[in-house]
Amino acid sequence: MTTDNQYEYRAIKGFAISSLFWAIVGLLVGILISLELVYPSFNITPWLTYGRLRPIHTNALIYGFTVPAAFSLFFFLVQRLGRTRLAFPRLAQATLYFFNIIIVLAALSLFAGMTQSKEYSELEWPLDIAVVILWVMFSINIIGTIIKRKEEQMYVSLWFILATVVGVAIVYIGNNIAVPVSWFKSYSIYAGANDANVQWWFGHNAVAFVFTTLPLAVFYYILPKATNAPLFSHRLSIIGFWSLIFAYLWTGAHHLIYTPLPDWIQTVAIAFSIFLIAPSWASVINGYGTMNGQWEQMRSNYLVKFIILGITFYGMQTIQGPSQAVRTFSALIHYTDWVPGHVHMGTMGWVTMTLSAGFYYMIPVIYNTKIYSIKLANLHFWLVLIGQLIYSITMWINGIRQGAMWQAMDKDGSLVYSNFIQTLTPNYPFWNMRTAGGVIFFAGFLLFVYNIYKTIQTAPAVQKA
Amino acid sequence: MNVDKRPVVFIVLAMSTILIGTVLTTFLPLFMGTAKANLEKVMPYKPLELEGRDIYIREGCNNCHTQTVRPLPFETARYGPPSRLEDSAIDRPHLWGSKRTGPDLAHVGRKYPAAWHYLHLKNPQSMYPQSNMPAYAWLADRKLDTTYSERKMNVLGYPYTAEDLRDLSDKNEMDALVSYLMRLGKETKD
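Treat the numbers as computed from the prediction; the structure is a model and nothing was measured. (Residues numbered from 1 in each chain as written. Chains lettered and ligands numbered in written order. Predicted model: local features only at pLDDT ≥ 70, side-chain atom pairs only at ≥ 80, totals over all residues.)

## As for the overall build of chain B
What counts, and what does not: Numbering goes from the N terminus for both helices and strands, where a helix is a DSSP run of H or I of at least four residues and a strand is a run of E of at least two. It is over C-alpha atoms that the radius of gyration is taken, and the globule rule equals 2.2 Å times the number of residues to the power 0.38. We call a residue exposed when 12 or fewer other C-beta atoms sit within 10 Å of its C-beta, buried when the count reaches 20 or more, and partly exposed for counts in between; the C-beta positions come from the backbone. Whether two residues are in contact depends on their C-beta atoms, placed from the backbone: they are in contact if these lie within 7 Å.
Regarding its fold elements, chain B presents eight helices and zero strands. When the helices and strands of chain B are placed in sequence order, the string is α-α-α-α-α-α-α-α. The globule rule puts the C-alpha radius of gyration for 190 residues at 16 Å, and the 21 Å found for chain B is more than 25% above it. Principal axes of the C-alpha set define a box for chain B whose edges measure 70 × 40 × 35 Å. Per-residue burial for chain B yields a buried fraction of 44% across its 190 residues. Counting contacts in chain B only where the partners sit at least 6 residues apart, residues at least 24 apart contribute 77% of the total.

Following this line, the structure appears as structure tokens:
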């Protein structure tokens, strides 16, 4: 029987609440920019233009939602899987305060246009340094707690946690090396094609370590816990883990197909992107294999709904992505709305569903209570599922239409749609549908936050740790 | 070897694994001839163009516009010659973009006169009623901040004259942005 005195939960609670707050901010900005694409008068200048808000949307949800959710869940997992208390609880509290200061400054700086323009890497150099310091503080607690663990063998979730810790550090530092001009402005140390290559090595491996290994760490813990069934194959998770973190690093240039980057780098990236289907599906197979004989739980256990839909979206994402790397398909859909359609299946489908399952499991445990409402959790599930599908399906259709119109040529070699605006105006109905999808998703997410809030509020009084 | 019982060994192994693909696809190309453009051909930025580029970055124009023409027939028919390494060889950071909400701009400096850009930036809908581009008229109301203009040129190693810097003194932000847009497509001496 565990009490707060055995495990450190304060920072876990703080990071969970922070992540839900910044998620709401990020989602609201997402809805706003979706509207701005249809109604340009919403671009109240200069702070609220699409060009300034889009990085706030991406950064708020990557660094404001996903990262603190991971800090929260990982501090929980390293203690529970190691059967030991967090190594440095006061450092964890300091990390929490420092994190929130950085996020506020990040948002303000991006509103003001202080950006390096490199995607998911926009923050200027002083905040980059702060992020690195924050990550070191976090890593000390993660690695320190793992080293002092009482359970000798590290369960697979801990491997994915360690991969996240080192992977994010390497790619974030690598892409952000810059020469300052002033406190608020710097220039990348890399130029032209090299800068593009480094940027997308970073970009795709941010996906690897923030959007793949991070949720997989949660997935591998929640699935057996929620179903009470053993993991299907330990060996498969070993093979999957090492081949995943090996192969991902070669794939960045699949974002640069048909650009001036040397062909061999593109071809290598395409080959490894196709290969990457195998390590990714190791986890999908592990998920479905664990469900063998347990499929009734999809209906009866709301946690299983989230985890299994999550890993299903992961499976689709990791086939769709590699297919986009193939040159012929890239030629059609690169630069179109297909790409955000793809991105948001991963973020709304895989990442958010899995982290939601993580919180739904963890919050009752650390507050020594039960979830406030299973009915609301099920409603949350259906709303985010429907919202996500509307978002991605409309964007895939629209993306194919855009690509096809851009490609359309008459027999004499002239463009059918010679004026770009002709390919823009058909976007509007699809963009409005996408906004509706986002609003439905957001409604589901608000139910989730409410459910967590009520769970905490109605929890029995616990001893102060 | 039971790596999953030894966290430090595990971390070292994981980092090494991560660094293999990194070094081969991202680090080595920095030093390889194939990724190095013929820098002799590339025109350096003038101070006004550079300030304009920084405004392009500040306003996030790269979120809706690319600057990479692909070597595909339908693409070159629409935008011009395929982008070359030289076109962005001195750009720090690159602005190749990843989304075309609006058209590619790689050769836009050869497509329209400067006056067109002034009109379009002030009110895109006056030229294309269906356009969703925000209006940037307010850029013309802001005097260009030249506090760091010289330092920027020095950090980037671009040549300039005192006259180039004096040229900035009566410019607004729209002047700078237009001057940058007019450079796109004219990066090399040919």
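## Comments concerning the overall build of chain A
In terms of helices and strands, chain A carries 17 helices and two strands. For a compact globule of 465 residues, the expected C-alpha radius of gyration is about 23 Å, and chain A comes in at 22 Å, within 12% of that figure. Over its C-alpha atoms, taken along the principal directions, chain A stretches across nearly 80 × 55 × 45 Å. Partitioning the contacts of chain A with sequence separation of at least 6, the portion at a separation of at least 24 is 83%.

## So, the interface of chain A and chain B
Residue-level contacts link 72 residues of chain A with 64 residues of chain B. A per-element tally of the side of chain A that touches chain B places helix H6 (residues 192-210) of chain A first, with eight residues.

## So, the nonpolar core
Rules: For this entry, the nonpolar core is defined as buried Ala, Val, Leu, Ile, Met, Phe, Trp, Tyr and Cys residues connected by C-beta atoms within 7 Å. Residue ranges for the domains originate in an automatic or database domain assignment.
Core analysis: the largest hydrophobic core is formed by 172 residues, its most contacted members being Phe-74, Ile-161, Ile-222, Leu-303 and Ile-307 of chain A. With 18 residues, helix H2 (residues 50-82) of chain A is the largest single contributor of residues to this core. Counting the residues that make up this core, at least three belong to each of domain 1 (1-36) and domain 2 (38-183) of chain B. Every residue in contact with Ile-222 of chain A, bar those within four places of it in the chain, is listed here: Leu-303, Ile-307, Ala-357, Gly-358 and Tyr-361 of chain A.

## A few points about the domain arrangement of chain B
Assigned domains within chain B: domain 1 (1-36) and domain 2 (38-183). Placing a centre on the C-alpha atoms of domain 1 of chain B and another on those of domain 2 of chain B gives a separation of 37 Å.

## Regarding unusual backbone geometry
Of note, the amide linkage connecting Thr-45 of chain A to Pro-46 of chain A takes the cis form, showing an omega dihedral of -15°. With respect to the element layout, Pro-46 of chain A can be found in the loop between helix H1 (10-36) and H2. Here Arg-92 of chain B and Pro-93 of chain B are connected by a cis peptide whose omega angle stands at 0°. Here Pro-93 of chain B shows up in the loop between helix H3 (73-79) and helix H4 (114-122). Positioned with a positive phi, Tyr-258 of chain A is a non-glycine residue whose angle comes to about 70°.

## A word on the confidence of the model for chain B
To keep things clear, this is the line we draw: Per-residue confidence from the predictor is reported as pLDDT, which spans 0 to 100.
Taken over all residues, the pLDDT of chain B has a mean of 95, while the share at 70 or more is 96%. Note on the complex model: pTM 0.96, ipTM 0.97.

## Quick word on the packing of helix H2 (residues 47-58) of chain B against helix H8 (residues 173-183) of chain B
Residues and elements named next belong to chain B. For clarity, the cut-off: Inter-axis angles, ranging from 0 to 180 degrees, are taken between N-to-C directions of lines fitted to C-alpha atoms, where helices are fitted over the stretch in contact. When describing relative orientation, an angle under 35 degrees is termed roughly parallel and one over 145 degrees roughly antiparallel, while 65 to 115 degrees is termed roughly perpendicular and anything else oblique. Amino acids are sorted into nonpolar (Ala, Val, Leu, Ile, Met, Phe, Trp, Tyr, Cys and Pro), charged (Asp, Glu, Lys and Arg) and polar (every other residue, Gly among them).
Between H2 and H8, whose axes approach to 7 Å, the crossing angle comes to 100°. Here H8 runs roughly perpendicular to H2, going by the angle between their axes. Across the interface between the two elements, Leu-48, Glu-49, Glu-51, Gly-52, Arg-53, Ile-55 and Tyr-56 of H2 pack against Glu-173, Ala-176, Leu-177, Val-178, Ser-179, Tyr-180 and Arg-183 of H8. Here the contact of H2 with H8 is built from residues that sort into seven nonpolar, two polar and five charged.

## Quick word on the environment of Leu-446 of chain A
With respect to the element layout, Leu-446 of chain A can be found in helix H17 (residues 427-457). Along the sequence, Leu-446 of chain A and Leu-20 of chain A sit 426 residues apart, while their C-alpha atoms lie 9.4 Å from each other.

## Notes on the packing of helix H15 (residues 374-407) of chain A against H17 of chain A
All names here are of chain A. Note the threshold: Left-handed is the label given to a crossing in which the near helix is rotated counterclockwise from the far helix by less than a right angle, and right-handed is the label when the rotation is clockwise.
Packing of H15 against H17 leaves a shortest axis separation of 8 Å and a crossing angle of 160°. If you check the angle between H15 and H17, you find them roughly antiparallel. H15 and H17 meet at a crossing whose hand is left-handed. For the contact of H15 with H17, a count of residues per class yields 19 nonpolar, 10 polar and one charged.

## Regarding H2 of chain A
Residues and elements named next belong to chain A. Rules: Any helix carries an expected span of 1.5 Å times its number of residues minus one.
Relative to the 48 Å expected for 33 residues at 1.5 Å per residue, H2 spans 45 Å between its end C-alpha atoms, a close match to the ideal helical length. The buried count for H2 comes to 31 of 33 residues, which makes it a mostly enclosed element. Where H2 terminates, the next one or two residues include Arg-83, which has phi positive at roughly 50°.

## A short note on the pairing of strand S1 (residues 178-182) of chain A
All names here are of chain A. Cut-off, in case you're wondering: Strand pairing is assigned whenever DSSP detects at least two bridges linking the two strands.
Pairing analysis gives four bridges linking S1 to strand S2 (residues 185-188), with the strands arranged antiparallel. When the bridges of S2 are listed, Val-179 appears paired with Tyr-187. Linking S1 to S2, which pair antiparallel, is a turn of two residues.

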